Amino acid sequence: MNNTRTQVRVADILSVVYGRPHGTFLDRAAGEIPWCCVEVVTKDRSYNFVAKSGSDAIDIVVALRILSGKKNQQTSRGSLLWEKVRLRMDHIAKRKKKSRKELLVEALTLKK
């Protein structure tokens, strides 16, 4: 278990990004769970975190956006839940080699 502790001053936060891991972070830690990823961007660098669940990640994003006073970023839990759905659908679509539309059609088609 990695016990690395990272401290970021709330006043230094420029933005908080939900669900978009990138680069080596994506390859190492978040390849299977983008809906659990949070990126905190400061002037000097960005910090990437993986929460234990998508719900925890959303709570972190909402809290940090409110605390940092980033009024230009969406803090609605509802909009972040829809983003989580999109991230999970994209993940499944990629794994099944299908489009989001094809997944929706498959899910809504009644099988006899």
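Figured I'd write up the structure that's included with this text. (Residues numbered from 1 in each chain as written. Predicted model: local features only at pLDDT ≥ 70, side-chain atom pairs only at ≥ 80, totals over all residues. Heavy atoms only, no water.)

By the criterion of burial, strand β2 (residues 37-42) is predominantly enclosed, with five of the six residues buried. In this sheet, β2 lies alongside strand β1 (residues 13-18) in antiparallel orientation, the contact comprising five bridges. Within β2, the residue paired with S15 across the bridge is V41. In terms of strand pairing, β2 meets strand β3 (residues 46-50) through five bridges, oriented antiparallel. Its bridge partner lying in β3, V38 is registered against F49. (Buried < 20%, exposed > 50% of the residue type's maximum accessible area, 1.4 Å probe, protein only. Helix = DSSP H or I, 4+ residues; strand = E, 2+ residues; numbered from the N terminus. Pairing = 2+ DSSP bridges.)

Glancing now at the environment of K101. In this fold, K101 is placed in helix α4 (residues 100-108). As a C-alpha pair, K101 and M89 span 12 residues in sequence and 9.7 Å in three-dimensional space.

Counting across every chain of the model gives seven salt bridges. Between R86 and E83 there is a salt bridge, and its shortest N-O distance comes to 2.5 Å. Taken together, the residues span about one helical turn, with R86 and E83 both in helix α3 (residues 77-96) at a distance of three residues. Taking the relative accessible area as the measure of exposure, R86 reaches 26% and is therefore partly exposed. A relative accessible area of 21% places E83 in the partly exposed class. (Salt bridge = Lys/Arg side-chain N within 4 Å of Asp/Glu carboxyl O.)

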